[in-house]
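# Working through the structure, step by step
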Amino acid sequence: MASSTLLASERFDSIPVSHARQFLEPGPVVLLTTRHAGRDNVMTVGWHQVLEFTPSIISCVVSRGCRSFDMLRASGQCVLNVPTSDMLDAVVRVGNSSGDEVDKFAAFGLERAQAHDVDAAVLPQCHAHLECRLRDDRAVERYNLFILEVTHISARPSPKEPEYLHYSGDGVFMLSGKRVSRRKLFRPEMLGF
């Protein structure tokens, strides 16, 4: 009872609902690469989440106004490249530009290599690359939500705990921080494997 009394006496400010991401940010910012009709594009994406472990299913929101939306829709393939904190300025610049106006790879010093399993580029500067194929497009028209299946992952062996970028809105990023293990308490069978 004492804890509810304490909470009732605390002051809480109302926050605009458009700021929900500041509290529920799903994971690191990624650079989504797509290829269609012989052209490559890259965009910054912060709205994605893991939906299933096996097969590995991820959802990803791509704004309809972005060139990548049409390219992903047409090709059904992409790569989610996971950058580290040393790429922050490039990540922001990519997100603030249009592939219709600038070659983002050249303008922001992004190298390209061919993906292993899909017809799209991987960004070698990034720590990891999740190659994906469109698994389900039923939510694309209504929500710009692509359901992707990860078909191949490549990642650098070090550092073991890279510093990823997390976007909290309004031009503010957080860097992944201290990791805390609770493996002794963890029960993987509860995940449904």
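Up top is the structure these notes are about.
Remember, it's a predicted structure, so these values are computed and weren't measured experimentally.

Right, let's talk about the packing of aromatic side chains for a bit. Per the counting criterion, the structure on display carries two aromatic pairs. Seen in terms of ring centroids, Phe-69 and Phe-146 are 5.5 Å apart; in terms of plane orientation they differ by 75 degrees. Their pairing is edge-to-face. Of the two residues, Phe-69 is situated in helix 3 (residues 67-75) and Phe-146 in strand 9 (residues 145-155); the sequence distance between them amounts to 77 residues. Among the residues examined, Phe-69 registers a relative accessible area of 3% and is labelled buried. Measuring from centroid to centroid gives 4.9 Å for Tyr-167 and Phe-173, while their planes differ by 55 degrees, and the two rings are tilted. Between Arg-112 and the ring centre of Phe-105, over which it is positioned, the NZ or CZ distance is 4.0 Å.

Bringing the side chain of Arg-67 into the picture now. One can find Arg-67 in helix 3. By relative accessible area, which is 18% here, Arg-67 ends up buried. Of the polar contacts made by the side chain of Arg-67, one reaches the backbone oxygen of Gly-99; its length is 3.1 Å. Excluding its chain neighbours within four sequence positions, the residues that come into contact with Arg-67 are Arg-39, Asn-41, Gly-99 and Asp-100.

Grouped together as the largest cluster of nonpolar side chains are 20 residues, with contacts concentrated most on Leu-32, Val-62 and Leu-80. Elements represented by at least two residues in this core include exactly strand 1 (30-36), strand 2 (39-45), strand 4 (57-61), helix 3, strand 5 (77-82), strand 8 (128-136) and strand 9. Residue contacts for Leu-80: discarding those within four places in its chain leaves Val-30, Leu-31, Leu-32, Ile-58, Cys-60, Ala-128, His-129, Leu-130 and Cys-132. Of all hydrophobic cores here, the second largest spans eleven residues; its members include Val-42, Val-94, Leu-110 and Leu-123.

Turning our attention to the pairing of strand 11 (residues 172-175). Note: strand 10 (residues 165-169) against strand 11, four bridges, orientation antiparallel. Its bridge partner being in strand 11, His-166 is matched across the sheet by Met-174. The hairpin turn running from strand 10 into strand 11, its antiparallel successor, is two residues long, and Asp-170 in that turn takes a positive phi close to 60 degrees.

Quick look at unusual backbone geometry now. Across the junction of Thr-54 and Pro-55, the peptide omega takes the value -5 degrees, indicating a cis bond. On the secondary structure map, Pro-55 appears in the loop between strand 3 (48-52) and strand 4. Unusually for a residue other than glycine, Asp-170 sits at a positive phi of about 60 degrees. You can see Asp-170 is positioned in the loop between strand 10 and strand 11.

Rules behind the numbers
- Residues numbered from 1 in each chain as written.
- Predicted model: local features only at pLDDT ≥ 70, side-chain atom pairs only at ≥ 80, totals over all residues.
- Heavy atoms only, no water.
- Phe/Tyr/Trp six-rings, centres within 6.5 Å; stacked < 30°, edge-to-face > 60°.
- Helix = DSSP H or I, 4+ residues; strand = E, 2+ residues; numbered from the N terminus.
- Buried < 20%, exposed > 50% of the residue type's maximum accessible area, 1.4 Å probe, protein only.
- Lys NZ or Arg CZ within 6 Å of the ring centre and 35° of its normal.
- Polar contact = N/O pair within 3.5 Å; in protein donor to acceptor, adjacent residues only side chain to side chain.
- Contact = heavy atoms within 4.5 Å.
- Core = buried A, V, L, I, M, F, W, Y, C linked by side-chain atoms within 4.5 Å.
- Pairing = 2+ DSSP bridges.

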